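Residues per chain are reported as follows:
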Amino acid sequence: MGDEDGRRPRRTSRNSGRNPSSRGVSRRDFLKIGGIAASVPLVGTKLAGAAGTDPAVLGPGKVPVALTINGRRYSAELEPRVTLLDALRNSFDLTGAKRVCDRGTCGACTVLMDGKAVYSCSVLAIEAQRHQITTVEGLGDPGKLHPVQKAFWDNDAQQCGFCTPGFVVATKAFLDHTPNPTPEQVRKGLCGNLCRCGTYVGVRAAALQAVGVGGSPGKRGAAAEEGGRRNG
Ligand code: FES
Ligand code: FES
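Caption draft 1: Geometry of the pairing of strand β2 (residues 72-78). Where strand β1 (residues 63-69) meets β2, seven bridges bridge the pair, whose relative direction is antiparallel. Paired with Ile69 across the two strands is Arg72, which belongs to β2. In this antiparallel pair of consecutive strands, β1 and β2, the connection spans two residues, and Asn70 shows a positive phi of 50 degrees.

Caption draft 2: Representation of the pairing of strand β3 (residues 110-113) in the model. By the bridge criterion, four bridges tie β3 to strand β4 (residues 116-119) in an arrangement that is antiparallel. Within the sheet, the bridge partner assigned to Leu112 lies in β4 and is Ala117. Counting the residues between successive antiparallel strands, the hairpin from β3 to β4 contains two residues, one of them, Asp114, with a positive phi of roughly 55 degrees. Examined bridge by bridge, β3 and strand β5 (residues 132-134) share two bridges and lie antiparallel to one another. Bridge pairing in β5 places Met113 opposite Ile133.

Caption draft 3: Region of the structure containing the sheet that holds β5. Taken together, five strands build an open sheet; the order of strands is β2-β1-β5-β3-β4 and the sheet is mixed. In the strand order of this sheet, the two ends are held by β2 and β4, each with one partner. Sheet twist, expressed as the average angle between the axes of neighbouring strands with direction ignored, equals 40 degrees. Sheet contacts for helix α3 (residues 84-91): β1 and β2; angle to β2, the most-contacted strand, approximately 100 degrees. Against the sheet, helix α5 (residues 164-177) contacts β3 and β4, and its axis sits at roughly 35 degrees relative to β3.

Caption draft 4: Molecular detail of the packing of α5 against helix α7 (residues 200-210). Two numbers describe how α5 lies on α7: the axes approach to 11 Å, and their chain directions differ by 40 degrees. Viewed along their axes, α5 and α7 adopt a mutual orientation that is oblique. As for how α5 packs across α7, the hand of that crossing is right-handed. Note on element contacts: α7 touches α5 through Val203, Ala206, Ala207 and Ala210, opposite Phe167, Thr171 and Leu175. A per-class count over the contact of α5 with α7 returns six nonpolar, one polar and no charged.

Caption draft 5: Local environment of the nonpolar core. Within the largest apolar cluster, 48 residues are counted, with the highest numbers of intra-cluster contacts made by Ala87, Ala125, Val169, Ala206 and Ala207. Those elements that provide at least two residues to this core are β1, α3, β3, β4, α4 (147-154), α5 and α7. There are two domains that each give this core at least three residues, and those are domain 1 (63-138) and domain 2 (147-231). With near-sequence residues (within four places) excluded, Ala125 lies in contact with Val65, Leu67, Leu78, Val82, Thr83, Leu84 and Ala87.

Caption draft 6: Highlighting the confidence of the model for the protein. Scored by pLDDT, the protein has a mean of 80; 70% of the residues are at 70 or more. Counting interchain partners and residues more than four positions distant, the pLDDT-below-50 stretch residues 1-49 has 19 contacts. Long-range and interchain partners of residues 221-232, a stretch whose pLDDT sits below 50, account for one contact in this model, where long-range means more than four residues apart.

Caption draft 7: Main features of the packing of α4 against α7. Where α4 meets α7, the axes come as close as 8 Å, and the angle between the chain directions of the two elements is 135 degrees. Between α4 and α7, the interaxial angle falls into the category oblique. For α4 against α7, the interelement crossing comes out right-handed. Of α7, the residues touching α4 (which contributes Pro147, Val148, Ala151, Phe152 and Asp154) are Ala206, Gln209 and Ala210. Here the contact of α4 with α7 is built from residues that sort into six nonpolar, one polar and one charged.

Calculation criteria
- Residues numbered from 1 in each chain as written.
- Chains lettered and ligands numbered in written order.
- Predicted model: local features only at pLDDT ≥ 70, side-chain atom pairs only at ≥ 80, totals over all residues.
- Pairing = 2+ DSSP bridges.
- Helix = DSSP H or I, 4+ residues; strand = E, 2+ residues; numbered from the N terminus.
- Axes fitted to C-alpha atoms, helices over the stretch in contact; angles between N-to-C directions.
- Contact = placed C-beta atoms within 7 Å.
- Parallel < 35°, antiparallel > 145°, perpendicular 65-115°, else oblique.
- Left-handed = near helix turned anticlockwise from the far one by under 90°.
- Nonpolar A, V, L, I, M, F, W, Y, C, P; charged D, E, K, R; others polar.
- Core = buried A, V, L, I, M, F, W, Y, C linked by C-beta atoms within 7 Å.
- Buried ≥ 20, exposed ≤ 12 C-beta atoms within 10 Å, placed from the backbone.
- Domains from an automatic or database assignment.
- pLDDT = per-residue confidence, 0-100.

This is the structure in structure tokens:
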């Protein structure tokens, strides 16, 4: 009797004399299933069903997605492939998080998920359901800046500003976790964000100022006031 490939089964001293069906899924079957499942995710339901689980398959069409962002509920019909970043920007008009690399490298899209910094370009919107999402819009506003935002302002920690929302959110997450950091810890803690304008010195000074251990508080504010007096 041949196997599924039409070849004679090889007998070894370990399985000779046993009924193959009594061993359940053979090692060969297991390797086949594992290889297929890894390369063809869409057949996962059938394979997983054979293993006793039956996960729901969503998409490829739009499905209802409900998110809690900055304490408010947002809902939309989205394809399951839509990232949290695209949902924020394109469906909910929250454009603070920026799309730059779109592949989890630069940090411009950083948001908080349950207080933890994540690259929103690398999280699916459907995965973000049942989590608390905080974007830079949820930290403060021009009339009432978050201490980290004020520290960025005070320390001139931006030039073009495109990376700044991601840096602000990442800095908040870092300081929440490390409230009394050394300069070296700040450097390492913010290494997941890139700034093409090279404002790293200002960003690190802002992080230290925000927790009261350094920075240049009031530097920019004082300069603005001075300019105002001169112009006035
Ligand atoms: S846009 Fe998400 S990490 Fe760069
Ligand atoms: S301020 Fe321009 S990329 Fe950072």
